Amino acid sequence: MRKVRAICLVMAMLMLFSAILAGCGQEKPAAGDDNKQVASQSPTPASNSDNSQKEEKIDISKEVTLKMYLLGDMAKDFNLVYGELNKMLKEDINATVEVSFMGWGDYTQKYPLVFASGDDFDLIYTANWAFYNSQATKGGFLEITKDMLKKYAPRTYESMYEEAWEQAKVNGKVYMLPMNYKELNAYVYMVRGDLMAKYGISEIKNQDDFEKYLDAVAKNEKHLIPLDIGSDMDFDTLLRFEVLAPQNLDYLEPQQLNHFFNLADKSSGKIVNIIETPEFLEFAKKMKEWKDKGYWSKSALVNKVSSKESFINGKSASAIMNLSTANGTYTSVVASHPEWDVKVFDGMNGKGIPIKPYIQNGMGINANSKNPERALMFLDLVKNEQRYADLVTYGIKGVHYDLTPEGYVVPLENSANYPIDGNCNWGWRDDRLFRQVQGGIPNYNEIRSNWEKVALTHPVQNFTFDDSKVKNEVATVTNLWKTDFKVVVLGFTNDPEAEVAKLIEKYKTAGNDAIIAEQQAQIDAYLNSLK
Amino acid sequence: MKKKNGILYELNKNKVKFLMIMPAVLYFFIMCYVPMTGIVLAFKNYTYTGGIFKSPWVGFNNFKFFFNSGKAFLVTKNTILYNIAFLIINNFLQITVAIILSELAGKCFKKISQSLMFLPYFISWVVVGAFIYNLFNYEFGAVNTLLNSMGMEPIDVYSNPSAWKYILVAVSAWKWVGYGSVLYLAAILGIDSEIYEAADIDGANIFKKIWHITLPSLKATVIILLLLSLGNIMKGDFQMFYQVVGNNGLVLDATDVIDTYVVRSLMDLQEFGMTAAAGLYQSVLSLFIILGANKLIKIIDNDYALF
């Protein structure tokens, strides 16, 4: 009560401030430009990035500190690595970066606040799932133009995938530099080989094998939770395997609306309301059975830890995550618990594997940033120079990783203190600079190439929903996703049939049909505009 | 010549007093009245570029999410009932504890017990939430471990809505009794000791003294504290409900209050207008409740009314 009141108060005050400052904020960068061109005779420190200074010299004589927000939790050696990075940056562009992290637990609260507060940070991680659209339409990001790229980030201008640039457009304008990397959005099981051997399970090829594994653990390993799902992060992963993938369905963003489209049906983009399908009912029944058998905790609804964290901490026997997360996790778990004999299995059965949109990861520049030029120059370096990309992705050479002659990354003992590709460096990932890890998942290439053969894209992936006409309905439906839907998906039902019927009814009362109608109309218009 | 009743005359005459009240007035003006302009957001579609004043008007649109969910009545009812329960139970316990403490003879025991009761006030709700989770977790919780070791069936608190009513009331009492009893203790210490001495001479026992002297003297304090807390009756103690219950869909019908409902619905949407609308709804209802209560007290006993 007190906190809410205090927050309301602070927010109201801050909004007042931002209202007053809104005007100044957007003019500043331009004004800064002029100053710099005038004062550009002053000698610049020796610089390796000559490309960026081809046409007219960009004045970097003034040292700046770039404030950057990243998502996730700070790794132990993060400051060590970024200390190195800052030495290099100081030399190249006379700038240093100062990073603050927003933890997975509360970034949804903090992220909009740093914009609302009128903070003058420079760079922030953003993505289609991390507020890109909502903050862009509210005017939180600085618009990035191709002219700016030509001048301050010429190498990025050259190397960027054109589709990526197109995908990043919101109302025709671009507010982020998306990653330059093709990523498959598909999931794997991570299980313990020692337990598999103990209970005679040789391989996990499908959900039935996985069930056998969970069953064996539930019956025999009383101190372990077979699969510790339930947190808001991953309560729906089993839905993905059981219902979505087999039908080639994928989430329409935003995820909490719980609407889906068919990846294989490229022409229509019809919204699928999954809870009304018979498959969902079957799933609800199965989940009740699994819950009753104790495959996850009876307190799963209030769980706040992801299945991955729980697995790493040795509290549970399996976890579900996407392949690249699994690759990083595998390395660190093998180092800390070699006796577990961790194994990773493909969970997709060759269906419903989407190529992620490029805007799944990206970096945005704050509209209030005082140094947008330097921010772009920084991004140009990490996106295009191998030594920068290596440092922020893998850590310090000789401390956290080493390279084989073929260019594979070999994680060293300290790798756990700076997990490979696990430090929110995803916003500037680039296909040309990304290295394969030696000692990652042994069957990584096998899984990835299997997926690449059947991976699908759909134009609707880049569609962004303008919810301004149905905001009220979106609010109530969001609430249902976190409460009633979650209850059914995790199997906390007595009579699945009746409760699924009740769930459908609740979604109807909340105005879901109005959202579907609005969203469908927008999708149709969007698809038509592409023709 | 200044007018006798003019404001300038008044200012001039009492300038020292006005100066003394100035900090308080300024504080409330800056911290309470200026931010109140933010209320207009409840009727606007907020954008960063437009700010508070230039964003477009949307009428009562922002209020709809609250009412079209079918949950408005439930969460309003829960909020009011929980707060009434907290109010009655906490005040009763606080008064009881204050009286017992004031009658206790051993100084050392008195201080220790008072400190121990005060301690929960300093424990953050996040930590309390962790306590509760570790108590009631089905597989590893302290309660079930105890029940198991005694050969009894484990209990599943997290899917039992009715249990949470008692848990929440108990947790609230645990947290606030020590803090509230200090206020009452201060009021009791302020009672003229001669009255007690006179009662002693008349041969009154300890219960008579409490019944005929202490309780009547506390009446004014009780009523003022009651009126003050009535102002917050529409506001669920967000931290408590959010941290102790969590996002548990199974028990929400019994535990969902306005604040938690609003946070859950709007967390991903980031609509300042709609949050402001929910806040305004609470404030307006609170205003009516406090005006009504004040009126009622005025009718019963004019001396105790706030205004």
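If you're wondering where the values come from, they're calculated on a predicted model, not measured in any experiment. Every chain is numbered on its own, with residues counted from 1 as its sequence reads. Chains and ligands are labelled sequentially in the order written, the chains with letters from A and the ligands with numbers from 1. Per-residue local features are limited, in this predicted model, to residues with pLDDT of at least 70; the limit for side-chain atom pairs, both in listing and counting, is 80 or more; totals at the level of whole chains, interfaces and linings are taken over all residues. Each side-chain value is derived from all of the structure's non-hydrogen atoms; neither hydrogens nor water enter the calculation.

Chemist: Before we go on, may I ask you to explain the overall build of chain A in this structure?
Modeler: Check the secondary structure of chain A and you find 19 helices and 16 strands. For each residue, the accessible area found with a 1.4 Å probe, counting protein chains only, is set against the maximum for its type, and the residue is called buried under 20%, exposed over 50%, and partly exposed in between. Within the span of chain A, comprising 531 residues, buried residues form 59% of the whole. For chain A, the proportion of contacts with a sequence separation of at least 24, taken over those separated by at least 6, is 77%. Under the convention used here, a 1.4 Å probe and the Shrake-Rupley method define accessible areas, while residue burial counts only the protein chains that appear. Working note: accessible area of chain A is about 21100 Å², and carbon and sulfur atoms make up 51% of it. What counts as a helix is a DSSP run of H or I of at least four residues, what counts as a strand is a run of E of at least two, and both are numbered from the N terminus. Contact criterion: two residues are considered in contact whenever any of their non-hydrogen atoms come within 4.5 Å of each other.

Chemist: Would you explain the overall build of chain B in this entry?
Modeler: What chain B contains, in helices and strands, is 15 helices and zero strands. Against the 2.2 N^0.38 benchmark of 19 Å for 307 residues, chain B shows a C-alpha radius of gyration of 25 Å, more extended than a compact globule. Principal-axis analysis of the C-alpha atoms places the extent of chain B at approximately 90 × 75 × 35 Å. For chain B, buried positions account for 42% of its 307 residues. Atoms counted for the radius of gyration: C-alpha only. Globule rule: 2.2 Å times residue count to the power 0.38.

Chemist: So what exactly am I meant to see when it comes to the domain arrangement of chain A here?
Modeler: It is common to give the size of an interface as the accessible area lost on bringing the parts into contact. Residues and elements named next belong to chain A. A domain assignment, automatic or from a database, supplies the domain bounds used here. Domain annotation of chain A identifies domain 1 (2–181 + 358–428) and domain 2 (187–353 + 435–461). Contact residues are listed per partner, giving 15 residues for domain 1 and nine residues for domain 2. Here the buried area means the combined drop in accessible surface, using a 1.4 Å probe, for two parts upon being joined, counting both sides. Taking both sides of the interface into account, the surface hidden between domain 1 and domain 2 amounts to around 1200 Å²; carbon and sulfur atoms contribute 56%. For salt bridges, the criterion is a side-chain nitrogen of Lys or Arg within 4 Å of an Asp or Glu carboxyl oxygen. For the pair domain 1 and domain 2, the number of links is one salt bridge. Whenever two N or O atoms come within 3.5 Å, that pair is a polar contact, provided that in protein one can donate a hydrogen and the other can accept it, and provided that, for residues adjacent in sequence, both atoms are side-chain atoms. Applying the counting criterion to the domain 1 and domain 2 interface returns two residue pairs in polar contact (both at pLDDT 80 or more). Every element with two or more residues in the side of domain 1 that touches domain 2 is listed here: helix H15 (386–394) and strand S16 (409–411). Residues of the side of domain 1 that touches domain 2, tallied by class, amount to ten nonpolar, four polar and one charged. Throughout this entry, Asp, Glu, Lys and Arg are counted as charged residues, while Ala, Val, Leu, Ile, Met, Phe, Trp, Tyr, Cys and Pro are counted as nonpolar. The remaining residues, Gly among them, count as polar.

Chemist: I keep staring at the packing of helix H9 (residues 161–189) of chain B against helix H11 (residues 206–230) of chain B and nothing clicks. Help me out?
Modeler: Angle between the axes and distance between the axes: these two values describe a pair of packed helices. Residue and element names in this part refer to chain B. Taken N-terminus to C-terminus, the directions of H9 and H11 make an angle of 135°; their axes are 10 Å apart at the nearest point. As summarised for this structure, H9 and H11 are arranged oblique, according to the angle between their axes. Crossing geometry of H9 relative to H11 is assigned as right-handed. Residues Leu-183, Tyr-184, Ala-187 and Ile-188 of H9 lie in contact with H11, whose contacting residues are Thr-214, Leu-218, Thr-221, Val-222 and Leu-225. Of the residues assigned to the contact of H9 with H11, the class counts are seven nonpolar, two polar and no charged. Between N-to-C directions, angles cover 0 to 180 degrees, with each direction set by a line fitted to C-alpha atoms, over the stretch in contact for helices. In this scheme, roughly parallel covers angles under 35 degrees and roughly antiparallel covers those over 145, while 65 to 115 is roughly perpendicular and the rest are oblique. Each crossing gets its hand from how the near helix is turned against the far one by less than a right angle, where anticlockwise is left-handed and clockwise is right-handed.

Chemist: What exactly am I supposed to notice about the confidence of the model for chain A here?
Modeler: Low-pLDDT portions of the prediction should not be read for the details of their coordinates. Each residue carries a pLDDT score, the predictor's confidence in it, ranging from 0 to 100. Taken over all residues, the pLDDT of chain A has a mean of 83, while the share at 70 or more is 89%. Note that pLDDT drops below 50 for residues 16–55 of chain A; the model gives that stretch 53 contacts with residues more than four away or on any other chain.

Chemist: Any chance you could explain the environment of Thr-476 of chain A here in plain terms?
Modeler: Its place among the elements puts Thr-476 of chain A in helix H17 (residues 471–489). Distance from Thr-476 of chain A to Leu-257 of chain A, taken between C-alpha atoms, is 9.7 Å for residues 219 residues apart in sequence.

Chemist: I tried to follow the interface of chain B and chain A on my own but got confused; where do I start?
Modeler: Each partner contributes to the interface: chain B provides 53 residues, whereas chain A provides 51 residues. Between chain B and chain A the total buried area reaches about 4600 Å² when both faces are included, carbon and sulfur atoms providing 61% of it. For the salt bridge of Glu-271 of chain B with Lys-471 of chain A, the shortest nitrogen-to-oxygen distance reads 3.2 Å. Joining chain B to chain A, the criterion identifies ten residue pairs in polar contact (both at pLDDT 80 or more). Mapped by element, the contributors of at least two residues to the side of chain B that touches chain A are helix H2 (15–33), helix H3 (51–54), helix H4 (64–67), helix H7 (125–136), helix H12 (238–245), helix H14 (258–266) and helix H15 (272–300) of chain B. Sorting elements by how many residues they give to the side of chain B that touches chain A places H14 of chain B first, with five residues. Here the side of chain B that touches chain A is built from residues that sort into 26 nonpolar, 18 polar and nine charged.

Chemist: Would you mind showing me how to read the side chain of Ser-306 of chain A here?
Modeler: All names here are of chain A. Checked against the element boundaries, Ser-306 lands in the loop between helix H11 (278–292) and helix H12 (307–312). Residue class for Ser-306 comes out buried when judged on its relative accessible area of 16%. Residues contacting Ser-306, with those up to four places away along its chain left out, are Asp-228, Ser-231 and Asp-234.

Chemist: Hey, could you run me through H11 of chain B in this one?
Modeler: Along an α-helix, a turn takes 3.6 residues, which lines up residues three or four apart on a common side. Residue and element names in this part refer to chain B. The sharpest bend along H11 measures roughly 40° and falls at Lys-219. Turning to H11, its buried residues are Lys-209, Ile-210, Ile-213, Thr-214, Leu-218, Ile-223, Leu-227 and Leu-230. Of the surrounding secondary structure, the elements contacted by the buried residues of H11 are helix H5 (72–103), H9, helix H10 (193–201) and H15. Taking the backbone nitrogen of Phe-207 as reference, a side-chain oxygen 3.2 Å away marks Asn-205 as the first, capping residue of H11. What the bend at a residue measures is the angle between two axes, fitted to the seven residues ending there and to the seven starting there.

Chemist: What am I meant to see in the sheet that holds strand S14 (residues 362–365) of chain A here?
Modeler: Note on sheets: strands pair through backbone hydrogen bonds, and any given pair is parallel or antiparallel. Residues and elements named next belong to chain A. Strand pairing is assigned whenever DSSP identifies at least 2 bridges connecting the two strands. Ordered in space as S2-S1-S3-S14-S6, the five strands form an open sheet in which the pairing is mixed. In this open sheet, the two edge strands, each paired with only one partner strand, are strand S2 (95–102) and strand S6 (176–178). Here the average twist between neighbouring strands, direction ignored, is 25°. Running at roughly 140° to strand S3 (residues 123–126), helix H3 (residues 107–116) makes contact with strand S1 (64–71), S2 and S3 of the sheet.

Chemist: I would appreciate a short explanation of the packing of aromatic side chains in the present structure.
Modeler: For any pair of aromatic rings, the description consists of the separation of the ring centres together with the inter-plane angle of the planes. Only centres within 6.5 Å qualify two rings of Phe, Tyr or Trp (six-membered ring in Trp) as a pair; their planes then separate them into stacked at under 30 degrees, edge-to-face at over 60, and tilted for everything else. Evaluation of the coordinates by the stated rule reveals 54 aromatic pairs over all chains. Relative to Trp-129 of chain A, the ring of Tyr-125 of chain A has its centre 6.0 Å away and its plane inclined at 50°; by these criteria the two rings are tilted. Plain terms: the ring middles of Tyr-121 of chain B and Tyr-179 of chain B are 4.2 Å apart, the flat faces sit at 5° to each other, and that makes the pair stacked. Within this pair, whereas Tyr-121 of chain B is found in the loop between helix H6 (107–118) and H7, its partner Tyr-179 of chain B is found in helix H9, the two being separated by 58 residues in sequence. What makes Tyr-179 of chain B partly exposed here is its relative accessible area of 31%. Members of the aromatic cluster, connected to one another through ring pairs, are Tyr-69, Trp-104, Tyr-107, Tyr-111, Phe-115, Phe-121, Tyr-125, Trp-129, Phe-131, Tyr-132, Phe-141 and Trp-426 of chain A. Seen from the ring of Trp-125 of chain B, Lys-175 of chain B lies directly overhead, with NZ or CZ sitting 4.6 Å from the centre. Throughout this description, the term charge over a ring refers to an Arg CZ or Lys NZ atom that lies within 6 Å of the ring centre and within 35 degrees of the ring normal.

Chemist: Even after reading the chapter, I still don't get the sheet that holds strand S12 (residues 316–322) of chain A, so can you show me in this structure?
Modeler: Residues and elements named next belong to chain A. Reading across from one edge, S8-S12-S7-S13 is the order of the four strands in this open sheet, with mixed pairing throughout. Each end of this open sheet is capped by a strand with a single partner; those strands are strand S8 (225–227) and strand S13 (342–346). Strand-to-strand twist of the sheet, defined as the mean angle between neighbouring strand axes without regard to direction, takes the value 25°. Summarising the sheet, strand S7 (residues 187–192) and S12 pair through five bridges and their orientation is antiparallel. Across the sheet, residue Tyr-187 finds its bridge partner in S12, namely Asn-322. Those strands touched by helix H13 (residues 323–336) are S7, S12 and S13, and its axis lies near 140° from that of S12.

Chemist: Before we go on, may I ask you to explain the pairing of S1 of chain A in this structure?
Modeler: Consecutive side chains of a regular strand alternate in pointing toward one face of the sheet and then the other. Residues and elements named next belong to chain A. With respect to burial, S1 is a largely interior element, six of its eight residues being buried. Strand direction decides the pairing type here: S1 and S2, joined by eight bridges, are parallel. Bridged to Met-68 within S2 is Val-99. Classification remark: right-handed applies to a crossover when, strands pointing away from the viewer, the course from the first strand over the helix to the second runs clockwise. One crossover worth recording links S1 to the parallel S2 by way of helix H2 (residues 78–93), and it is right-handed. Bridging between S1 and S3 involves two bridges; their strand directions are parallel. Looking at S3, one finds that Met-68 is bridged to Leu-123.

Chemist: For this particular structure, what's the right way to read the packing of H7 of chain B against helix H8 (residues 142–149) of chain B?
Modeler: All names here are of chain B. Orientation of H7 relative to H8, taken along the N-to-C sense of each, is 25°, at an axis distance of 4 Å. Judged by the angle between their axes, H7 and H8 are roughly parallel. In contact with Asn-134, Leu-135 and Phe-136 of H7, H8 contributes Ala-142, Val-143 and Asn-144. In the contact of H7 with H8, the residues fall into four nonpolar, two polar and no charged.

Chemist: Is there a simple way to think about a nonpolar patch on the surface in this case?
Modeler: Residue and element names in this part refer to chain B. A surface patch of nonpolar side chains, amounting to about 900 Å² of accessible area, comprises Met-22, Leu-26, Tyr-27, Phe-28, Phe-29, Ile-30, Tyr-33, Met-36 and Ile-39. Tracing the chain through its elements places Ile-30 in helix H2. Residue Ile-30 is classed as partly exposed on the basis of its relative accessible area, which comes to 41%. Residues forming no salt bridge and having over 30% relative accessible area are the ones grouped into patches, like charges within 9 Å of each other and nonpolar side chains (Val, Leu, Ile, Met, Phe, Trp, Tyr) within 5 Å.

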